[in-house]
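Commentary on secondary and tertiary structure
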Amino acid sequence: MLKIDKVTKQFGGVVAIKDVTFHVKPMEIFALVGPNGAGKTTLFNIITGAFPPTSGHVYFKDEEITGLKPNEIVKRGIARTFQNIRLFNSMSVLENVLIGFHNHIEYNFFEALFRVPKFFKEEKIHKEMAMEILKFLGIDEYADINAKALSYGNQRKVEIARALATEPDLLLLDEPAAGMNPKETEELANTVFKLREIKEKTILFIEHDMKFVQKIADRVMVLDYGKTIFEGKPADMMKDEQVIKAYLGDIEV
Ligand SMILES: Nc1ncnc2c1ncn2[C@@H]1O[C@H](COP(=O)(O)OP(=O)(O)OP(=O)(O)O)[C@@H](O)[C@H]1O
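Residues numbered from 1 in each chain as written. Predicted model: local features only at pLDDT ≥ 70, side-chain atom pairs only at ≥ 80, totals over all residues.

Taking an unreviewed UniProt entry as the reference, the protein chain is identified by name as Branched-chain amino acid transport system ATP-binding protein belonging to Lebetimonas natsushimae.

1. Overview of the overall build of the protein chain
Helix and strand counts for the protein chain stand at ten helices and ten strands. Computed over the C-alpha atoms, the radius of gyration of the protein chain is 19 Å, within 12% of the 18 Å expected from 2.2 N^0.38 for a compact globule of 253 residues. Across its three principal axes, the protein chain shows a C-alpha extent of roughly 60 × 40 × 30 Å. Burial status across the protein chain gives 37% buried among its 253 residues. Taking as baseline every contact in the protein chain between residues at least 6 positions apart, the subset at least 24 positions apart corresponds to 66%. (Helix = DSSP H or I, 4+ residues; strand = E, 2+ residues; numbered from the N terminus. Rg over C-alpha atoms; globule rule 2.2 N^0.38 Å. Buried ≥ 20, exposed ≤ 12 C-beta atoms within 10 Å, placed from the backbone. Contact = placed C-beta atoms within 7 Å.)

2. Regarding unusual backbone geometry
Residue Lys61 is not a glycine yet carries a positive backbone phi of 50 degrees. Of note in the backbone geometry, Tyr225 takes a positive phi value of approximately 50 degrees without being a glycine. Examined against the element boundaries, Tyr225 turns out to sit in the loop between strand S9 (219-224) and strand S10 (227-232). When the 15 C-beta atoms within 10 Å are taken as the criterion, Tyr225 is described as partly exposed.

3. Considerations on the confidence of the model for the protein chain
The predicted model of the protein chain averages 88 in pLDDT, with 91% of residues at 70 or higher. Two numbers describe this predicted complex: its pTM, 0.88, and its ipTM, 0.93. (pLDDT = per-residue confidence, 0-100.)

4. Things to note about the site of the ligand
What surrounds the ligand is the set Phe11, Val14, Ala16, Gly34, Asn36, Gly37, Ala38, Gly39, Lys40, Thr41 and Thr42. Elements with a contribution of two residues or more to the shell around the ligand: strand S2 (14-24) and helix H1 (40-47). Here the element with the most residues in the shell around the ligand is H1; it accounts for three residues. Residue classes in the shell around the ligand are distributed as four nonpolar, six polar and one charged. (Near = placed C-beta within 6 Å. Nonpolar A, V, L, I, M, F, W, Y, C, P; charged D, E, K, R; others polar.)

5. Things to note about the nonpolar core
Proteins that are soluble and globular tend to have nonpolar side chains buried together. Ranked by size, the top nonpolar core spans 66 residues in total, and within it Val97, Ala161, Ile203 and Leu204 carry the most contacts. Of the residues that make up this core, three or more belong to each of domain 1 (1-77 + 168-253) and domain 2 (88-166). When near neighbours in sequence (up to four residues on either side) are disregarded, Val97 contacts Ala130, Ile133, Leu134, Val158, Ala161, Arg162 and Ala165. (Core = buried A, V, L, I, M, F, W, Y, C linked by C-beta atoms within 7 Å. Domains from an automatic or database assignment.)

6. Description of the packing of helix H6 (residues 152-164) against helix H7 (residues 182-197)
Interhelical geometry of H6 versus H7 gives an angle of 20 degrees and a closest axis separation of 10 Å. Overall, the two elements H6 and H7 adopt an arrangement that is roughly parallel. H7 is crossed by H6, and the crossing has right-handed handedness. The residues of H7 that touch H6, namely those facing Tyr152, Gly153 and Lys157, are Glu184, Glu187, Leu188 and Thr191. Taken together, the residues of the contact of H6 with H7 sort by class into two nonpolar, two polar and three charged. (Axes fitted to C-alpha atoms, helices over the stretch in contact; angles between N-to-C directions. Parallel < 35°, antiparallel > 145°, perpendicular 65-115°, else oblique. Left-handed = near helix turned anticlockwise from the far one by under 90°.)

7. A word on the sheet that holds strand S5 (residues 63-64)
Taken in spatial order, the four strands line up as S2-S1-S4-S5 in an open sheet, and their pairing is antiparallel. Single-partner strands in this sheet number two, and they are S2 and S5. Relative to strand S4 (residues 55-60), strand S1 (residues 2-11) runs antiparallel, the two sharing five bridges. Residue pairing in the sheet places Asp5 in a bridge with His57 of S4. (Pairing = 2+ DSSP bridges.)

Here it is, written out as structure tokens:
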């Protein structure tokens, strides 16, 4: 589904990612972990087209997507959420999700301007689709309230809902469990499983919560100073000498 081939990213003298290669299989739940500054976010930014790699290639569904613009990448079927929740606080939950459809809107500016029937038809379809997504995530009862009024866990779900609105095959979640209480983390794990089982999504996520990683990830890759130091099953990661030395020794597991 996703192939990262010898990707390197340099910012001036800083090598954020060095020669990283891995692949994510369809419907896999794959975790990216590592200490702060290891290069995880940089990798997400390369995959989603925020900036191109210095060298190397990114393939999605057997096509090269290296260096494509973010909207092109969304169209191909990759969507993301952010480490710091980026919702529009003055908008309702439903409106936040409707924004996700922006890439798929099929009327042109002229039609929108004069609000011809096609515009209304599309809006109606999108509203129905957005409500279906909110229902799937169990937050449809909040559709009309302000996004900022929601609990932290539910705001994260709205972010996921907005990403789902672009109809991605691959969902990138940047620290989805950060700041969540144990109940919210448990719910999030169930949501991720449901996304795979029912919606057939492939999930790549960055996370520091090792319990969460062990619970949901099929495979995990550990980065340290931009280099891969481990790739394999979460249980094996927990026993890996190099990972313990570079990362696990410093965090609560
Ligand atoms: N736009 C940028 N310009 C310059 N340096 C950058 C930029 N983005 C990242 N870096 C550097 O690249 C390295 C990797 O950073 P990155 O944010 O990818 O790490 P991370 O693993 O996501 O860390 P965290 O867990 O704290 O989010 C760091 O040294 C960082 O300072």
